[in-house]
Amino acid sequence: MSFRAADASAQEVLIEADASPRPPEYQVRKVHGDIRFGAGFGFVAEDPIFSAEPSFGLDLRDIAPVQLRLGAPIRLRMYDRQPEQGPVVRNTEWDEAGDYLAILQRLQYSGDYVFGREGRVLIDLRVGDLQRVQVGHGSLVRGYANSLDLDRRRSGVDLDARIEGLLLEHPAGAEIAFVAGDLAGQQIFGTRIAADWAGAALGFSVFGDPYAPRTLVAWDGRADALAVDNKNRLQTSGSLGAMAMGVDLSYRWTDRWRFLVTPYLDLNLMPGLGKGMHLGLDTEFILGRRRRARLGVVAELTVGDRGYDPTYFDVFYTMQRMQAQFVAYPGDLPPDFGTTALPKYSFVLQNNLAGVGGYGGIRFAHDDGAFFETGYRYRPGPLGHTWETRLGIDLEVVQLSLLHAHRGKLGFDIIDPAGSLARFDLNVPVLRWLDVFAQAGFQYQVRRAPMEPATARQPAGGFVGGGGLMLLGVAGKFGW
């Protein structure tokens, strides 16, 4: 009895109502978000600029698996160098419908739902700036990005959905992928549907670019420049469009714990161009005591006829669709440029790409928020070498992304500006309310030829070339 009495008295603790423990207010609130305003100085191509970057974000993951961010950089020309644009705001960033739709910087929905005893549904939807898109084994779409253009931001859609469970006591599933590179309809779109049972999988893909040009127009009868309209877009003539379709077969071999081995065979057809075969092996290993790191290796053999370009929609496609020839600077323009420059469709059609090629890549990812990947592709013909490297870190103390890609003649001259894409983004939260950010890169843009009219609102001669980006600034933010 004495022990029970002591226990009872020990539990009798009085707490005044306004002194009772409460969770912090931010843990009770179901909707989180922030208002951010960045300001920086730097250069875009030849323009010294001041950049104002307002944005508004919402995090609804306590209610639904949704994140949203709206915003856009407003870049002001501090000195109106040639080609002059007149107004202080860079007009080339705000002269198309897609520029305004790109105010939707990010909409992400990531759902994972369980039904029945073994059923599961996974949905991953991204809308906005698509920095890397791969569909299936990557034989048609790998590394595609929709905004690697200094003058044109784009907002696109990347959807992956899968349903899985047991069928006749074996794992089975069905999935669909859908990609639209531009909500304004000026880039690629397509879908892949697939089904698998007991490790064996079959998929079918269709992708296209209905407005892909096939013929460019020389400027005013000249042979050294292409016609550019008053919105700095290359002018085209004749038929439009590019299309690709493929069937893929694979088998997944895994112990569901440490490794996954997937041999695959992709058979692709591009109507009007050619056809090809991809035979590959994709492996992934889960590392570490806590199984939080993944290492992947892929090797692929490619065989195609004269009009087949493996991974037609790759990291370079946004600019190659207008021009396959790489020109880094205005001074590099050849004298016959206006008559020899070809859009990608015509480049593939007119060059003999037949033969054997291949691809090899390695990737690493950690659950804490870091990844690295690099891959090299070779195929016969001009511009047969493609090298792409990406690095990303997303932690509380730093957010970083790096892209470098080069396409050119066979070899490892990967830092040659002609044929290179590079982009570096860094954000460091130094205080709760303050970030420091930096951007740098070498990206493509439609540029005016030397000695052409200075006013960018007038038609002129031009080309697709490279432009530098360098920006350093600070951003204040208020979160709730």
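The structure this text deals with has already been given above.
Residues numbered from 1 in each chain as written. Predicted model: local features only at pLDDT ≥ 70, side-chain atom pairs only at ≥ 80, totals over all residues. Heavy atoms only, no water.

## Regarding the overall build of the protein chain
To keep it simple, the criterion reads: Helix and strand assignments follow DSSP, with helices taken as H or I runs no shorter than four residues and strands as E runs no shorter than two, numbered in order from the N terminus. Accessibility here uses a 1.4 Å probe with only protein chains present; expressed as a share of the type maximum, an area under 20% marks a residue as buried, one over 50% as exposed, and anything in between as partly exposed. In what follows, a contact means two residues having at least one pair of non-hydrogen atoms within 4.5 Å. We count Lys and Arg on the positive side and Asp and Glu on the negative side, and we leave His and both chain ends out. A single reference atom marks each charge: NZ on Lys, CZ on Arg, CG on Asp, CD on Glu.
Each helix and strand in the protein chain was counted, giving six helices and 25 strands. Dimensions of the protein chain, computed from C-alpha atoms along their principal axes, come out at roughly 110 × 60 × 35 Å. Every one of the 480 residues in the protein chain was classed for burial, and the buried ones make up 45%. Summarising the internal contacts of the protein chain: among those between residues at least 6 apart in sequence, 59% fall at separations of at least 24. For the protein chain, the distance from the average position of its 50 positive side-chain charges to the average position of its 56 negative side-chain charges is 1 Å.

## Side note on the packing of aromatic side chains
The condition is simple: The rule is short: rings of Phe, Tyr and Trp, with Trp giving its six-membered ring, pair when the centres are within 6.5 Å, and they are stacked under 30 degrees, edge-to-face over 60, tilted in between. Our definition puts a charge over a ring when NZ of Lys or CZ of Arg is within 6 Å of the ring centre and also within 35 degrees of the ring normal.
A full pass over the atoms with the stated rule returns 11 aromatic pairs. Aromatic side chains Trp253 and Phe259 sit 5.3 Å apart centroid to centroid with 70° between the ring planes, which places their arrangement in the edge-to-face category. Both rings, one in Tyr376 and one in Trp387, keep their centres 5.7 Å apart while their planes meet at 80°; by these two values the pair is edge-to-face. Of this pair, Tyr376 sits in strand β20 (residues 370-378) while Trp387 sits in strand β21 (residues 385-394), placing them 11 residues apart in sequence. Here Tyr376 falls in the buried class, since its relative accessible area comes to 19%. Site record: aromatic cluster; members linked through ring pairs are Phe56, Trp433, Phe478 and Trp480. Directly above the aromatic system of Trp94 lies the positively charged group of Arg153, at a separation of 4.6 Å from the ring centroid. For Arg214, the ring lying beneath its charged end belongs to Tyr345, and the centroid distance is 4.2 Å.

## A few points about the side chain of Thr283
Position of Thr283 among the secondary structure elements: in strand β17 (residues 274-287). Overall, Thr283 belongs to the buried group, its relative accessible area being 12%.

## Some remarks on the environment of Ser420
Tracing the sequence through the fold places Ser420 in strand β23 (residues 420-431). For Ser420, the residues in contact, after removing those within four places along its chain, are His404, Ala405, His406, Ile414, Ile415, Phe442 and Tyr444.

## Observations concerning the nonpolar core
Under the convention used in this document: Joining through side-chain atoms within 4.5 Å is the link that ties buried Ala, Val, Leu, Ile, Met, Phe, Trp, Tyr and Cys residues into a set, and such a set is a nonpolar core.
Residues Val141, Leu234, Tyr312 and Phe313 are the most contacted members of the largest nonpolar core, which totals 51 residues. If we ignore the near neighbours within four places in the chain, the residues touching Tyr312 are Ser139, Leu140, Ala242, Met270, Leu273, Tyr317, Lys344, Tyr345 and Val348. Within the second largest apolar cluster, seven residues are counted, among which are Ile49, Phe437, Leu471 and Ala475.

## Side note on the pattern of salt bridges
Close approach of charged atoms lets side chains of opposite charge pair. Inclusion rule: Salt bridge criterion: a side-chain nitrogen from Lys or Arg within 4 Å of a carboxyl oxygen from Asp or Glu.
One pass over the full model with this rule turns up 38 salt bridges. Close ionic contact of Arg90 with Asp47 constitutes a salt bridge, the shortest N to O distance being 3.1 Å. Of this pair, Arg90 sits in the loop between β4 (74-77) and α3 (97-101) while Asp47 sits in strand β2 (residues 47-59), placing them 43 residues apart in sequence. Accessibility assignment for this pair places Arg90 and Asp47 in one class, buried.

## Some remarks on a nonpolar patch on the surface
Heads up, the condition is: Two joining distances apply to patches: 9 Å for like charges and 5 Å for nonpolar side chains (Val, Leu, Ile, Met, Phe, Trp, Tyr), and every residue must have over 30% relative accessible area and no salt bridge. Using a 1.4 Å probe, the Shrake-Rupley method yields the accessible areas, and only the shown protein chains count as cover for residues.
On the surface, a cluster of nonpolar side chains totalling about 660 Å² of accessible area is made up of Ile35, Phe56, Leu70, Tyr100, Ile103, Trp433 and Phe478. One can find Phe478 in strand β25 (residues 460-479).

## Observations concerning the side chain of Thr262
By the element assignment, Thr262 lies in strand β16 (residues 259-270). Assessed through its relative accessible area of 9%, Thr262 is described here as buried. When near neighbours in sequence (up to four residues on either side) are disregarded, Thr262 contacts Ser250, Tyr251, Arg252, Gly280, Leu281 and Asp282.

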